[in-house]
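Below are the chains, spelled out letter by letter.
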Amino acid sequence: MSDKPADAPEHCPGTQSEDAGKASACAGCPNQQLCSSGATKGPDPGIQLVQERLEQVKHKILVLSGKGGVGKSTLTALLSRGLALNNSNENVAVLDIDICGPSQPRVLGVAGEQVHQSGSGWSPVYVEDNLSVMSIGFLLSSVDDAIIWRGPKKNGMIRQFLSEVDWGNLDYLLIDTPPGTSDEHLSAATYLAKANLTGAILVTTPQEVALLDVRKEIDFCHKVNIKILGVIENMSIFVCPCCKRLSEIFPATTGGAKQMCMDLDVPFLGSLPLDPLLARYCDEGKDYLTELPDNTATKVLCEIIEKLVSVCKET
Ligand SMILES: Nc1ncnc2c1ncn2[C@@H]1O[C@H](COP(=O)(O)OP(=O)(O)OP(=O)(O)O)[C@@H](O)[C@H]1O
């Protein structure tokens, strides 16, 4: 079988070649970044380790966003809390691979906790009996520590996270990633390719600049063969707590995420409103869903979770 993708340039050296991504023919090729990262060359022994470790995890879901600050970490935390709440017999976990900006310990209210290592690997931190989390945030000596790592070191950390955390039996593992399509994504996609990755959830805000980037993310998923479970539009509408008037903070000039999903034939999971209380609860690590069950955002999240559960069942 040829290792030259269908959209490769005429003199493509092939994805398995030493020159993959580096040859002059690679300049301008849409796959250049992927090839030069080494993600297309194999086999890495880590791939099998990840596969073995994640055998007991039923659904492995990447949470992606094109742009930063659109609410990906917030949604990862809310979805994990919601899935755990939905069924106390199911085990849910969050893996935070946003190495340069790990926010799950704070949003899930377990900042300052320690992870322990035992013979069977790293033990995650428990938020609830059936909700655990692992993040590089637990390994930093101070929350203000900056992590400045090059690709290979990030790759090594992601491999360790995916292969050495002792999750036990899990129904859902949600993996929070940094924005864009960078080293972390390529590493995760490579290691999870053989581990039966369920798919990816994409988070965006409604305005065109965010949608442009989410389209690139969709393209990335197609290129590395990741199934798109659905797109969530965040901060789509703001309901004034005083006068109850609706405002579009980020106007959807091109129809928003729903229209984009129809155009690109990917599932749309729902639109979460902008709610200042939600931001405050997440900043304080409090459980918004349990404490404010009647808020619109909670109801929307429950619907999104219901759709996600049924999409996962179908895969
Ligand atoms: N629906 C919402 N209503 C109100 N505030 C929100 C909502 N969603 C997210 N936020 C707030 O927006 C800010 C950015 O969210 P978050 O950190 O989840 O974004 P992100 O996409 O993960 O960012 P990064 O790309 O930096 O990782 C946070 O302060 C969060 O509390």
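Here the structure is a predicted model, which means the values were calculated and not measured. (Residues numbered from 1 in each chain as written. Predicted model: local features only at pLDDT ≥ 70, side-chain atom pairs only at ≥ 80, totals over all residues. Heavy atoms only, no water.)

Looking now at the UniProt feature "binding site: ATP" (unreviewed entry) in the protein. This chain's UniProt record puts "binding site: ATP" (unreviewed entry) on Gly66, Lys67, Gly68, Gly69, Val70, Gly71, Lys72 and Ser73. On the secondary structure map, glycine 68 appears in the loop between strand E1 (57–65) and helix H3 (72–86). Turning to its location among the elements, valine 70 is positioned in the loop between E1 and H3. Residue class for valine 70 comes out buried when judged on its relative accessible area of 4%. Filtering out sequence-adjacent residues up to four positions away, valine 70 remains in contact with Ser65, Val203, Thr204, Thr205, Asn234 and Met235. (UniProt positions renumbered as here; feature names shortened; annotations may be inferred. Helix = DSSP H or I, 4+ residues; strand = E, 2+ residues; numbered from the N terminus. Buried < 20%, exposed > 50% of the residue type's maximum accessible area, 1.4 Å probe, protein only. Contact = heavy atoms within 4.5 Å.)

As a matter of local geometry, the ligand sits amid 17 residues, with Ser73, Thr74, Asn234, Pro273 and Asp275 nearest to it. Within the backbone of aspartate 275, a nitrogen or oxygen atom sits 2.9 Å from a nitrogen atom of the ligand. For the ligand, the accessible surface in isolation is 640 Å², of which the surrounding protein chains cover 77%. Taken together, the residues that form the shell around the ligand break down as eight nonpolar, six polar and three charged. (Near = heavy atom within 4 Å. Polar contact = N/O pair within 3.5 Å; in protein donor to acceptor, adjacent residues only side chain to side chain. Areas by Shrake-Rupley, 256 points an atom, 1.4 Å probe, with all protein chains shown as cover. Nonpolar A, V, L, I, M, F, W, Y, C, P; charged D, E, K, R; others polar.)

The next point concerns the pairing of strand E6 (residues 131–135). When you tally the buried positions in E6, you get five out of five residues, the bulk of the element. Direction of pairing for strand E2 (residues 92–96) relative to E6: parallel, over a ladder of five bridges. Looking at the pairing, leucine 95 lines up with methionine 134 of E6. Between the end of strand E5 (residues 125–128) and the start of E6, which pair antiparallel, lie two residues. (Pairing = 2+ DSSP bridges.)

The next thing to look at is the side chain of serine 132. With respect to the secondary-structure elements, serine 132 resides in strand E6. Residue serine 132 is classed as buried on the basis of its relative accessible area, which comes to 1%. What serine 132 contacts, discounting residues up to four positions off in sequence, is Val92, Ala93, Val94, Pro124, Val125, Tyr126, Val127 and Trp167.

Working definition: two side chains of opposite charge can pair if their charged atoms are close together. All chains considered together, the criterion is met by eleven salt bridges. Ionic pairing is found between aspartate 287 and arginine 81, a salt bridge with its closest N-O pair at 3.9 Å. Taken together, the positions of aspartate 287 in the loop between helix H9 (276–283) and helix H10 (288–291) and arginine 81 in helix H3 put the pair 206 residues apart, joining distant regions of the chain. Residue classification places aspartate 287 among the buried positions, given a relative accessible area of 14%. Of the charged contacts, one joins aspartate 219 and lysine 223 as a salt bridge, the two residues approaching to 3.1 Å between their closest N and O atoms. With aspartate 219 and lysine 223 both in helix H7 (residues 208–223) and four residues apart, the pair spans about one turn of that helix. With a relative accessible area of 37%, aspartate 219 lands in the partly exposed category. The network of salt bridges with common partners includes Lys67, Asp213 and Lys216. (Salt bridge = Lys/Arg side-chain N within 4 Å of Asp/Glu carboxyl O.)

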